[in-house]
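Listed below are the residues making up each chain.
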Amino acid sequence: MRIATFNVNGIRAAQRRGFGAWLERRRPDVVALQEVRCPVAELPLDVLGDYHLAYQSGTLPGRNGVAVMTRVPVAEARSWAPGFVLATCDGVDEGEHVEAPLARELKNFAAHGRYLEVDLADQPLTVASVYVPKGGSPFDETAEKHEQKMRFLAGFARQLARARRDAAARGREFLLMGDINIAHTERDLSNPKGNVKNPGFLPVERDWLGSQLTPRTLVDVVRMLHPDRSGPYSWWSWRGQSWTRDSGWRIDYHLATPALARLAHEGGTDRDETYEARISDHAPVVVDYLPADGPAGSKAASTSSRVTSSTLW
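Being a predicted model, the structure only gives us computed values, none of them experimental.

I would appreciate a short explanation of the overall build of the protein in the present structure.
On a plain count of helices and strands, the protein comes out with seven helices and 14 strands. Taking the principal axes of its C-alpha atoms as reference, the protein extends roughly 50 × 40 × 40 Å. Evaluated residue by residue, the protein yields a buried proportion of 53% over its 313 residues. When contacts within the protein are restricted to residue pairs at least 6 apart in sequence, long-range pairs at least 24 apart make up 73% of them. When the accessible surface of the protein is totalled, it reaches about 13,800 Å², and 50% of it is carbon and sulfur. When the 39 basic and 39 acidic side-chain charges of the protein are each reduced to a single mean position, those positions are 5 Å apart.

Here it is as structure tokens:
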């Protein structure tokens, strides 16, 4: 399976900038989206093609919104609040909300369109899309945003453990993808010394992310595939020369249960060829997972040739 996560920074803007062409060229089996930022009635359904979409827009106009696109209809979709929809290029249907316990700290975030998970119908896998708040600095006037982010992370740690255990109880692997808004280590941003007091690289945030990653719980798949290299970065500011100089951050992740992580064959960032060709301020993070009975002979060679491209870091 080819699985991707992509913060599109507005699906309608991304469509105008070439999201559909990327989707057709890369042909992922599953795509997690963040910052869809679109009312349900204005979803550009023509971009879906033969995909099915589960979408939680949230209640904040023009903000947030998470989704999962799949080749076949999902077996079940769950979010933290009612209001998610299921869509194809032919139209939109209201999703059936499945009530689930929610960590106390997340109740104020429940309707913000920050989390959605689906059970794939054709694979024993639960896929989740998350958009973590950007936060702020505890040292200036954005301290309240920092406190909000830390409350979110405290609740999300418990929620994540519950989702992973629930998936295991149903005989499923679990894959969390999305914009975590944290660069975990110094290899995950281009200027670590200059950002130690900035949101997204604060020690308390990095410690939180590190606590979610253990050999028994969740594995950072792209870092596992590229253990000794800086990046691959997935976000660059629109401003200045950040993209041209590759002065970026790796804040978009595939976090997989260990058995699934072991199936990861190749992965990285689809960095746009030019600044003008950028679809979003983020780039898609794409991983190919081989079946458990691979990769023998021609199957491995076929998958390797499929993944290799000039835009895959």
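Explanation requested: the pattern of salt bridges in the structure shown.
Close approach of charged atoms allows side chains with opposite charge to pair. The tally for this structure, following the rule as stated, stands at 18 salt bridges. Between Glu42 and Arg12 there is a salt bridge, with its nearest N and O atoms 2.3 Å apart. Pair noted here: Glu42 is in the loop between strand E2 (30-34) and strand E3 (52-56) and Arg12 is in helix H1 (residues 11-17), with a separation of 30 residues, a long-range link. A relative accessible area of 29% means that Arg12 is categorised as partly exposed. Shared partners join several salt bridges into a network, and the residues in it are Glu76, Arg78, Glu117, Asp119 and Arg170.

When you look at the packing of aromatic side chains in this model, what are you seeing that I'm missing?
Each aromatic ring pair is described using two quantities: the centre-to-centre distance and the angle formed by the ring planes. Inspection of every chain in the model, using the stated rule, returns twelve aromatic pairs. With a centroid separation of 6.2 Å and 85 degrees between ring planes, the pair formed by Trp238 and Tyr275 is classed as edge-to-face. With Trp238 in the loop between helix H5 (221-225) and strand E12 (252-256) and Tyr275 in the loop between strand E13 (264-269) and strand E14 (285-289), the pair connects residues that are 37 residues apart, well separated along the chain. Trp238 gets classed as partly exposed once you look at its relative accessible area, which sits at 29%. Here Tyr275 falls in the partly exposed class, since its relative accessible area comes to 31%. Taken together, the ring pairs connect Trp80, Phe109, Tyr115, Phe152, Phe156 and Trp208 into an aromatic cluster. Over the ring of Trp236 we find Arg271, and its NZ or CZ is 5.2 Å from the ring centre.

I would appreciate a short explanation of empty space enclosed by the protein in the present structure.
Empty space among the atoms can be located by rolling a probe the size of a water molecule over them. All told, the structure shown has one cavity of 30 Å³ or more when counted by the stated rule. Quantified by volume, the largest cavity comes out at close to 80 Å³. Forming the boundary of the largest cavity are Ile11, Leu33, Val36, Leu43, Pro44, Leu45, Val47, Leu48, Leu53, Tyr55, Ala67 and Met69. Elements with a contribution of two residues or more to the lining of the largest cavity: E3 and strand E4 (66-70).

Whenever I open this one, the layout of surface pockets confuses me. Can you help?
By volume, the largest pocket is sized at about 1,000 Å³. Surrounding the largest pocket, 40 residues form its lining, Tyr131, Pro133, Lys134, Gly135 and Asn181 being those nearest its centre. The element that contributes the greatest number of residues to the lining of the largest pocket is helix H3 (residues 143-169), accounting for four residues. Its residues assigned to classes, the lining of the largest pocket shows eleven nonpolar, 15 polar and 14 charged. Here the second largest pocket is characterised by a volume of approximately 320 Å³. Arg78, Ala100, Pro101, Glu117 and Gln159 are the residues nearest the centre of the second largest pocket, which is lined by 17 residues in total. For the lining of the second largest pocket, the secondary structure elements donating two or more residues are strand E5 (76-79), strand E8 (115-119) and H3. No other element matches H3, which puts four residues into the lining of the second largest pocket. Taken together, the residues that form the lining of the second largest pocket break down as seven nonpolar, three polar and seven charged.

Conventions and cut-offs
Residues numbered from 1 in each chain as written. Predicted model: local features only at pLDDT ≥ 70, side-chain atom pairs only at ≥ 80, totals over all residues. Heavy atoms only, no water. Helix = DSSP H or I, 4+ residues; strand = E, 2+ residues; numbered from the N terminus. Buried < 20%, exposed > 50% of the residue type's maximum accessible area, 1.4 Å probe, protein only. Contact = heavy atoms within 4.5 Å. Areas by Shrake-Rupley, 256 points an atom, 1.4 Å probe, with all protein chains shown as cover. Lys, Arg positive; Asp, Glu negative; His and termini not counted. Charge placed at Lys NZ, Arg CZ, Asp CG, Glu CD. Salt bridge = Lys/Arg side-chain N within 4 Å of Asp/Glu carboxyl O. Phe/Tyr/Trp six-rings, centres within 6.5 Å; stacked < 30°, edge-to-face > 60°. Lys NZ or Arg CZ within 6 Å of the ring centre and 35° of its normal. 1 Å grid on protein atoms, 1.4 Å probe; cavity = no way out; pocket = protein on both sides within 12 Å on 5 of 7 lines; lining within 4 Å. Points joined across faces, edges and corners; volume = space filled by probe spheres on them. Nonpolar A, V, L, I, M, F, W, Y, C, P; charged D, E, K, R; others polar.

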